[in-house]
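Residues per chain are reported as follows:
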Amino acid sequence: MILPIDPANKLSFKRFIKDGDLVIVYERHDTMKAVKVSEDGVLQNRFGAFKHSEWIGKPFGSKVLSNKGAFVYLLAPTPELWTLVLSHRTQILYIADISFVVMYLEIVPGCVVLESGTGSGSLTTSLARAVAPTGHVYTFDFHEQRAASAREDFEKTGLSSLVTVGVRDIQGEGFPDEFCGRADSVFLDLPQPWLAIPSAGKMLKPDGVLCSFSPCIEQVQRSCEALKSQFTDIRTFEVLLRTYEVRQKILENCPVNEGDSIERPPRKRRQGSAEGSNGTECSSSPTVVIRPSGEARGHTGYLTFARLKCYV
Amino acid sequence: MSIDEDLKQNHNSRLTYEGCNVLLDINDGDRLVFSRLTAASTLKIGNKKCSLQPLIGCAFGSLFQVESGKEGTFLTRFVENAEGNGLEEKDVDGSKDNRALVDNNTAQSLTSEDIDEMRKQGAKGDEIVEALIANSATFEKKTLFSQEKYRVKKQKKYAPRVLLRRPFARSICEAYFKKHPEKIGFMRVDALSLLLCLGNVTANADVLVVDTLGGILTGAIAERLGGTGYVCNTYRGSSPYPVDITRMFNLSDEICKRIVHASLTDLNSSEGQEETLPVTHSSGLEEVGMSAEDGGMDITPERVPSPIIRPVKSIKPGQKAPLEAIKLWKENGFSSLIIAAPELDPWGIIKEVLPLLSFSAPFAVYHQYAQPLATCMHNLQIEKMAIGLQISEPWLREYQVLPSRTHPHMQMSAFGGYILSGTKISSSDSLTSSN
């Protein structure tokens, strides 16, 4: 269960792992896995075998040991962790785009949100979190099997009461008529979003917000053209995340003696011994340093937002 | 769940009402004004005051134009023609250019006296704009794009438009970041978005916050809680941090009730006995907070005398946390933690508040400087208090999208803040793991 949908549940938030729970097995920040706990289940990984029976009754966030004495952490699932462990059936949205989309679509509890395509359900999970407990996400994908897998995932994460997955070609057919004028927000991640924009306009309440996610600028160009007649406040953004590395380092602090023209001793010697300091003190204490990571995701997609014009 | 039920439960009003907060977008984002709609409230545009009365009961998203008549200046509903401005595709290859334009200030033959005279005779703003175009010697020589630019410039001056918007965390944060970034610790809207996600803010969550940014974070969280759970703003010492910005949102009483504060001492004490005393103390503080808001914010220029506001809102956000809630938090822990307190040392505060969280609770800390977060992250690692630690910085670029003229904006914000995030690990384990 990824969200405390039932208010009675949150009172016992300090949860202990029980049979049937979904846990995120954390090895390292880049190695995680979602596991459904079962009495006789065993998790095999490079650290050895972990018996689920030994997990049951421990608090979430606990460290558990394998038969070889190695350890992993068992975390409670959140939409952020889920995004990192879900099975990729398509390219997915990550946290920078997801958080920005939820904010800009002005999604609050109770909202009705339409989405297409469902893809791997990464964004859908966060949309569900934002509309809970009384709103609903209706998400559509034209790929039948993908929709079925997404449905299974929402079952697994306990979001079925907030998300309905439909099989439909939104570009070709538009959203179903039953949603006309009822959507607070619409999200499009389609190869030709401009084909779905007129339908999205019909679905939205006046002043409702639409977002279209497209990797290519040509798609953005055509979408913006299509938006002009019915929408206002059309804005396109790119959001990226720069991550940082934090280390503890010893930065040497040896003043150079004036008039001392002799070449600096080779590195090895300086490290090894205190000799040759000529009486000046070398005080080098460990410092915490920070720098941007060398590699980053350089592009995900452009986010175009627009608001349905309001005619009285 | 049927759609009808969905709709019924969505209290999120799309019509304005007397006493509601609105964001007025003047001339397509040139100026943003937060206002409370009452019969007496006014908006100053140029040197004229307009009553906001005509905006009450209108749909959010409605557009108004400033007109002047015998009664003075007033706002009227304006509906754009649906076909747009019709300049697309015609001149994108740029067959015209500015080689013949000379900037000698003689192109316009209408004088300001002429315009005043037109106004006296009751000409509408649009008519003045048309007259200016008709009397411009160079208008016809301009490219279609610069003709449009000219028209928009004159329209903004002689017939300003006001767009009625709902105040949301998004627009409030954007407006502050544009006008008074220092009041919200230079936190850009994408950083705020990240905090809300990394802090797993959702219905029924009990979010512990340290918000010294005037309540922008507290308000954004409350908006996402929708009247469930709690956002509990904690503080050292005896006075809670002000949350005045929460009053710019249209938060219902139900939602305001969920914005509470509790001192660190109260949250840490083993018994909840001595907590009755500060109640009077804190309600006294509310009044101070209110007057500070009235004077301090020029995003909200048109203040109405307070007696008119008073009866509208019954519950003030930022009450003392109820004792039962504090008791439950002590037993179960908070479901997540978000800190946005640039004045405080992140490590100093987090080591105090992290033990108040539930097992496996996610947390996020905002800061405008990297070094204190780096030290904090390092210490959390050494003390084995959390995993999944990450410092990140969002980067946001806006684009101009026009036929054959798409490019990033020439000016952008280069910095929106740093965020340290992670997940608390079970404390009993961190003891055993140290050997």
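Thresholds applied
- Residues numbered from 1 in each chain as written.
- Chains lettered and ligands numbered in written order.
- Predicted model: local features only at pLDDT ≥ 70, side-chain atom pairs only at ≥ 80, totals over all residues.
- UniProt positions renumbered as here; feature names shortened; annotations may be inferred.
- Buried ≥ 20, exposed ≤ 12 C-beta atoms within 10 Å, placed from the backbone.
- Helix = DSSP H or I, 4+ residues; strand = E, 2+ residues; numbered from the N terminus.
- Pairing = 2+ DSSP bridges.
- Axes fitted to C-alpha atoms, helices over the stretch in contact; angles between N-to-C directions.
- Contact = placed C-beta atoms within 7 Å.
- Nonpolar A, V, L, I, M, F, W, Y, C, P; charged D, E, K, R; others polar.
- pLDDT = per-residue confidence, 0-100.
- Domains from an automatic or database assignment.

In the nomenclature of an unreviewed UniProt entry, chain B corresponds to tRNA (adenine(58)-N(1))-methyltransferase non-catalytic subunit TRM6 from the organism Solanum pinnatisectum. In its Subcellular location (unreviewed entry) section, UniProt records this for chain B: "Nucleus". You can read under Sequence similarities (unreviewed entry) in the UniProt record for chain B the words "Belongs to the TRM6/GCD10 family."

Chain A goes by tRNA (adenine(58)-N(1))-methyltransferase in an unreviewed UniProt entry, where it is assigned to Solanum pinnatisectum. Turning to chain A, the UniProt annotation filed under Subcellular location (unreviewed entry) states: "Nucleus". According to the UniProt record, the Sequence similarities (unreviewed entry) comment for chain A reads "Belongs to the class I-like SAM-binding methyltransferase superfamily. TRM61 family."

Participant: Help me out: how do you make sense of the UniProt feature "binding site: S-adenosyl-L-methionine" (unreviewed entry) in chain A in this one?
Facilitator: All names here are of chain A. Mapped onto this numbering, the UniProt entry gives "binding site: S-adenosyl-L-methionine" (unreviewed entry) at Ser 120, Gly 121, Ser 122, Leu 123, Asp 141, Asp 169 and Asp 189. We classify Ser 120 as buried; it has 22 C-beta atoms within 10 Å. With respect to the helices and strands, Leu 123 occurs in helix α4 (residues 122-131).

Participant: Quick question: what am I supposed to make of the sheet that holds strand β6 (residues 72-77) of chain B here?
Facilitator: Sheet strands line up and pair through hydrogen bonds in the backbone, either parallel or antiparallel. All names here are of chain B. Read across the sheet, five strands follow the order β2-β1-β7-β5-β6 without closing on themselves; strand pairing throughout is antiparallel. Each end of this open sheet is capped by a strand with a single partner; those strands are β2 (31-36) and β6. If you compare each strand with its neighbour and ignore which way they point, the axes differ by 30° on average. Sheet topology places strand β5 (residues 63-69) next to strand β7 (residues 161-165); three bridges connect them, and they run antiparallel. Bridging across to β7, Phe 64 finds its partner in Val 162.

Participant: Hey, could you run me through the pairing of β6 of chain B in this one?
Facilitator: Along any regular strand, the residues point their side chains to alternate faces of the sheet. Two elements, β5 of chain B and β6 of chain B, share six bridges in a ladder whose sense is antiparallel. Of the residues in β6 of chain B, the one forming a bridge with Glu 67 of chain B is Phe 74 of chain B.

Participant: Would you mind going over the interface of chain A and chain B with me for this structure?
Facilitator: Accessible area lost on assembly of the parts is the figure often given for the size of an interface. Facing 73 residues of chain A, the contacting portion of chain B comprises 71 residues. Among the elements that line the side of chain A that touches chain B, the one with the most residues is strand β12 (residues 231-250) of chain A, at 12 residues. Of the residues contributing to the side of chain A that touches chain B, the split by class is 41 nonpolar, 16 polar and 16 charged. Taken together, the nine bridges between β12 of chain A and strand β14 (residues 386-400) of chain B define a ladder with antiparallel strand orientation. The residue bridging Leu 240 of chain A from the neighbouring strand is Trp 395 of chain B, located in β14 of chain B.

Participant: When you look at the confidence of the model for chain A in this model, what are you seeing that I'm missing?
Facilitator: Detailed reading of the predicted coordinates is not advisable wherever pLDDT falls low. Averaged over chain A, the pLDDT score is 90; the fraction of residues at 70 or greater is 89%. Throughout residues 269-277 of chain A the model reports pLDDT below 50, and contacts reaching past four residues in sequence, or to other chains, amount to three contacts.

Participant: Can you help me understand unusual backbone geometry in this one?
Facilitator: The bulk of non-glycine residues show a negative phi, and the bulk of peptide bonds are trans. A cis geometry characterises the amide bond from Ser 116 of chain A onward to Gly 117 of chain A, with omega recorded as -5°. Residue position: Gly 117 of chain A is located in the loop between β7 (112-116) and α4. Residue Ala 132 of chain A is joined to Pro 133 of chain A through a cis peptide bond whose omega torsion reads 0°. Note on placement: Pro 133 of chain A falls in the loop between α4 and β8 (136-141). We note that Asn 200 of chain B has phi near 50°; this positive angle belongs to a residue other than glycine. Inspection of the secondary structure puts Asn 200 of chain B in the loop between α6 (189-198) and β8 (206-211). What makes Asn 200 of chain B buried here is the crowd of 26 C-beta atoms within 10 Å.

Participant: Help me out: how do you make sense of the domain arrangement of chain A in this one?
Facilitator: Residue and element names in this part refer to chain A. Each domain of chain A was delimited in the assignment, giving domain 1 (7-77) and domain 2 (81-238 + 298-308). Distance from the C-alpha centre of domain 1 to the C-alpha centre of domain 2: 32 Å. Contact with domain 1, which involves seven residues of that partner, is made by six residues of domain 2. Counting residues per element, the ones that place at least two in the side of domain 1 that touches domain 2 are β1 (22-28) and β2 (31-36). Broken down by element, the residue count for the side of domain 1 that touches domain 2 peaks at three residues, all from β2. Per-class residue counts for the side of domain 1 that touches domain 2 are six nonpolar, no polar and one charged.

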